[in-house]
Protein chains: 2
Amino acid sequence: MKKIVLYVGAFLFSIAGYAQQALWGGGDIVSPQINKDNSVTFRILAPKASKVEIEGDFLPAQKIKTPFGEVEAPGRVQLKEGKNGVWEYTSSILPSEMYNYSVYVNDFKTTDPSNVYQNRDIATITNYFLIGNGQADLYMVQDVPHGTVSKVWYNCPTLGMERRLTVYTPAGYESSNKKYPVLYLLHGAGGDENAWVEQGRAAQIMDNLIAQGKAEPMIVVMPNGNGAQQAAPGEAPNSMVKPQFMNPKTMDGEIEKAFPDIIKFVEKTYRVKKDKNNRAICGLSMGGFHSLYISAYYPNKFGYVGLFSAATSKQINNKNTSDVYENLDQKLATQFSNPPRLYWIGIGKTDFLYKDNIDFRKQLDEKGYKYTYVETDGGHIWRNWRVYLTEFAPLLFK
Amino acid sequence: MKKIVLYVGAFLFSIAGYAQQALWGGGDIVSPQINKDNSVTFRILAPKASKVEIEGDFLPAQKIKTPFGEVEAPGRVQLKEGKNGVWEYTSSILPSEMYNYSVYVNDFKTTDPSNVYQNRDIATITNYFLIGNGQADLYMVQDVPHGTVSKVWYNCPTLGMERRLTVYTPAGYESSNKKYPVLYLLHGAGGDENAWVEQGRAAQIMDNLIAQGKAEPMIVVMPNGNGAQQAAPGEAPNSMVKPQFMNPKTMDGEIEKAFPDIIKFVEKTYRVKKDKNNRAICGLSMGGFHSLYISAYYPNKFGYVGLFSAATSKQINNKNTSDVYENLDQKLATQFSNPPRLYWIGIGKTDFLYKDNIDFRKQLDEKGYKYTYVETDGGHIWRNWRVYLTEFAPLLFK
């Protein structure tokens, strides 16, 4: 044992790097440090810097002027240099949430090297942390039974390729013979099949809602909504490139027409209930758009529909690129002649799609189609989409 | 459609940040850029920096002196400042491999903000890239059938907790009734159940070896070898802390005694063959140590054993903390009285455990126990462990 200890000593002493296994990393610096009062202290080791800043969604927002109007941006704050080149900042007391931040060292934008918890939004990696005792308790890993998260490949003849999706099966799935309802949960533009389990914390949310008895145990299927992609960047052949916001074949009707391939795979592979009232579909932004059109194009497939900050009909109707988008009025009439049990619309007041959602609701109101409407603060942000999932999922399959 | 385009324009124009969904990230800079000749160009936007460097395992190694002798460290190189504050460096032509690197801006160590491909080794996040047309073809996602990778929780009564593991099921598992053999693949100190599918590229390696007919289709189970942990940092309650190299309950005999709980779960949950000759165990470093002692303590469980840069017996025998480690000679005698079909040892010439492996092999040689020995260049590094998996897996279950 002594010898091992000695070796470990040698290991830890050496800041050697990859030539032996990496055993360093930000030294002893702890950042972020969540304090007892739920303020947060950030520490960045940058001895040769003249300015160190943090930009985060927990700081008062900046307003940035653009030709399209004023846009809210995350706030920025300067850290103060302390001993040994460690810069420090302590936030105000933060309400329970999942927060993201970036670090600027002399205007060079990067991540906090002491915080290994990072996630990717399109081509940007930021750090994150969670403050509990409130809404974010649903996003945190709690001492409850946990479901399984799988990355699975399925055959998609409609698009002519093998494609990847993420499947959440609830705790107990493996050890029972029970059949489950299925929620299809769709990402937005620039996202992929990883988005909802990474930024969206969908597995934690479902674990917690199910454990609390608030949501029915269900399978959650998270496909890739980019019709030209087999999988998330880096997960398909020759795809290790910089992810993009606009991807081909996302709004040309093909991804919607390929959706039955996913349902077919899921209903063949998992123990699921196979009727309309045991299928739900929802999505954020472009995924809300897809949910709207998939559920209208296949009007008897989904008993529950959720549009989270969705791109709605009006924008697309101008250009009938696909019969999927044609005659929405007529499609909605068919869909609502045998209406879904729930048609749910959620949007933030400062979302750039707010007005379009008003227009879409008018379209529904004129015909007397019933829907549930939830309006929140905030814009086109993951914070809202996590909240919407926590509100939508408990309404399903009851 | 026009309206959508306008919105997208507003979106892309705005470098706004989290107040609307993140749609920026390193601007238009491409880094790393793998050139046609397999040299690699790195670009870092740091207009206010006076020095920008890259540290990577593709650069000539530095030697660093420590009280314990000279240690190899990854090489470092300075980038040159070009137009608009973009610093640039082009490497020499690189042989096929998976490479890791870090960026230093005025000695502030961080990641390349234009490269979203990152992985974590204990508490350090580095960027990576792959160069094909050689060994790394096995690590890349190829146009072959892909297995499923699942994060699954199981009950571990021996340690008194629910624990998480990673399971790879080969392509075709979901659509067949076939039973598969199982490889238990263990991580090293500071690692967890994510290590082999992230740094180790185990899913890609197995997909490719199986598609080429080099390895039998098998299930690969990657447990967490830290007996005090339920799961990887961030994946268990209250675990969102900085990961550590030394974790409690990794070498006290308990994790070895808890191993049958994993086998029991796997053999109950998956369609697997349940005899010794359809079970293999291997691991790197501490995981090699675990493989050695688990297979010796349960001498009729594993038909195949692999020790990758393993901590071997000698260090631990001094202190008999557990009957798992006592009387290794006697345990090996029992194990080799009905010997495993394969006992495989691999180590690099500059590994800090090289001499201990010589001693352990002497112990085996003295008794005439048969084993396969592979010696490579290099030290205690993931590059070797990926190679060892590509050499070990094809020898199993044949």
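See the structure above.
We now turn to the structure provided with this report. (Residues numbered from 1 in each chain as written. Chains lettered and ligands numbered in written order. Predicted model: local features only at pLDDT ≥ 70, side-chain atom pairs only at ≥ 80, totals over all residues. Heavy atoms only, no water.)

For the rest of this paragraph, the subject is the overall build of chain A. Each helix and strand counted, chain A has 10 helices and 20 strands in total. Relative to the globule expectation of 21 Å for 398 residues, the C-alpha radius of gyration of chain A, 23 Å, shows essentially globular dimensions. With the C-alpha coordinates aligned to their principal axes, the bounding extent of chain A is approximately 70 × 55 × 45 Å. Taking all contacts inside chain A whose residues are at least 6 apart in sequence as the whole, residues at least 24 apart take part in 73%. Total accessible area on chain A stands at roughly 15000 Å², and carbon and sulfur atoms take up 50% of it. Looking at chain A, you have 44 positive and 40 negative side-chain charges, and the mean spots of the two groups are 3 Å apart. (Helix = DSSP H or I, 4+ residues; strand = E, 2+ residues; numbered from the N terminus. Rg over C-alpha atoms; globule rule 2.2 N^0.38 Å. Contact = heavy atoms within 4.5 Å. Areas by Shrake-Rupley, 256 points an atom, 1.4 Å probe, with all protein chains shown as cover. Lys, Arg positive; Asp, Glu negative; His and termini not counted. Charge placed at Lys NZ, Arg CZ, Asp CG, Glu CD.)

Turning to the pattern of salt bridges, a few remarks are in order. Taken as a whole and assessed by the stated rule, the structure comprises 34 salt bridges over all chains. Notably, a salt bridge pairs Glu254(A) with Lys249(A), separated by 3.5 Å at the nearest N-O pair. Here Glu254(A) falls in the partly exposed class, since its relative accessible area comes to 30%. For the salt bridge of Asp323(B) with Lys257(B), the shortest nitrogen-to-oxygen distance reads 2.7 Å. Here Asp323(B) is found in the loop between helix H7 (314–317) and helix H8 (328–337), whereas its partner Lys257(B) is found in helix H4 (residues 254–257), with 66 residues between them in sequence. Within this structure, Lys48(A), Lys51(B), Glu53(B), Glu55(B), Arg76(B), Asp107(B) and Lys109(B) form a network of salt bridges that share partners. (Salt bridge = Lys/Arg side-chain N within 4 Å of Asp/Glu carboxyl O. Buried < 20%, exposed > 50% of the residue type's maximum accessible area, 1.4 Å probe, protein only.)

So, on to the side chain of Thr312(B). Residues and elements named next belong to chain B. By secondary structure assignment, the location of Thr-312 is in the loop between strand S18 (304–308) and H7. At a separation of 3.2 Å, a polar atom in the side chain of Thr-312 contacts the main-chain carbonyl oxygen of Asp-356. Once residues within four sequence positions are removed from consideration, Thr-312 is found in contact with Phe-289, Leu-292, Asp-356, Asn-357 and Phe-360. (Polar contact = N/O pair within 3.5 Å; in protein donor to acceptor, adjacent residues only side chain to side chain.)

In this section: the packing of aromatic side chains. Counting across every chain of the model gives 62 aromatic pairs over all chains. Ring centres of Tyr117(B) and Tyr128(B) lie 6.4 Å apart, and the angle between their planes is 65 degrees; on these two criteria the pair is classed as edge-to-face. In this pair, Tyr117(B) is assigned in the loop between strand S10 (108–110) and strand S11 (118–121) and Tyr128(B) in strand S12 (residues 124–131), connecting sequence segments 11 residues apart. The exposure class assigned to Tyr117(B) is buried, which follows from its relative accessible area of 10%. Summarising the aromatic geometry, the rings of Tyr297(B) and Tyr298(B) are spaced 5.0 Å apart at their centres and angled 90 degrees between planes, so their arrangement reads as edge-to-face. Here a set of aromatic residues connected by ring pairs shows up, and it is made of Trp196(A), Phe308(A), Trp344(A), Trp382(A), Trp385(A), Tyr388(A) and Phe392(A). The lysine or arginine in question, Arg76(B), covers the ring of Tyr104(B), its NZ or CZ lying 3.6 Å from the ring centre. In this structure, Arg386(B) is placed above the aromatic ring of Tyr139(B), and the distance from its NZ or CZ to the ring centre is 5.4 Å. (Phe/Tyr/Trp six-rings, centres within 6.5 Å; stacked < 30°, edge-to-face > 60°. Lys NZ or Arg CZ within 6 Å of the ring centre and 35° of its normal.)

Take the packing of helix H6 (residues 286–297) of chain A against helix H8 (residues 328–337) of chain A next. All names here are of chain A. At a minimum axis separation of 8 Å, H6 and H8 run at an interaxial angle of 65 degrees. As judged from the angle between their axes, H6 and H8 are roughly perpendicular. In this structure, H6 crosses over H8, and the sense of that crossing is left-handed. Residue-level inspection shows Leu-292, Tyr-293, Ser-295, Ala-296 and Tyr-297 of H6 in contact with H8, the latter providing Leu-328, Lys-331 and Gln-335. (Axes fitted to C-alpha atoms, helices over the stretch in contact; angles between N-to-C directions. Parallel < 35°, antiparallel > 145°, perpendicular 65-115°, else oblique. Left-handed = near helix turned anticlockwise from the far one by under 90°.)

For the rest of this paragraph, the subject is the sheet that holds strand S7 (residues 80–81) of chain A. Residues and elements named next belong to chain A. Spatial strand order, S1-S2-S8-S7: 4 strands in an open sheet with antiparallel pairing. At either margin of the open sheet sits one strand with a lone partner, and together these are strand S1 (33–34) and S7. Where S1 meets strand S2 (residues 40–45), 2 bridges bridge the pair, whose relative direction is antiparallel. In the sheet register, Ile-34 faces S2, and the bridge partner there is Val-40. (Pairing = 2+ DSSP bridges.)

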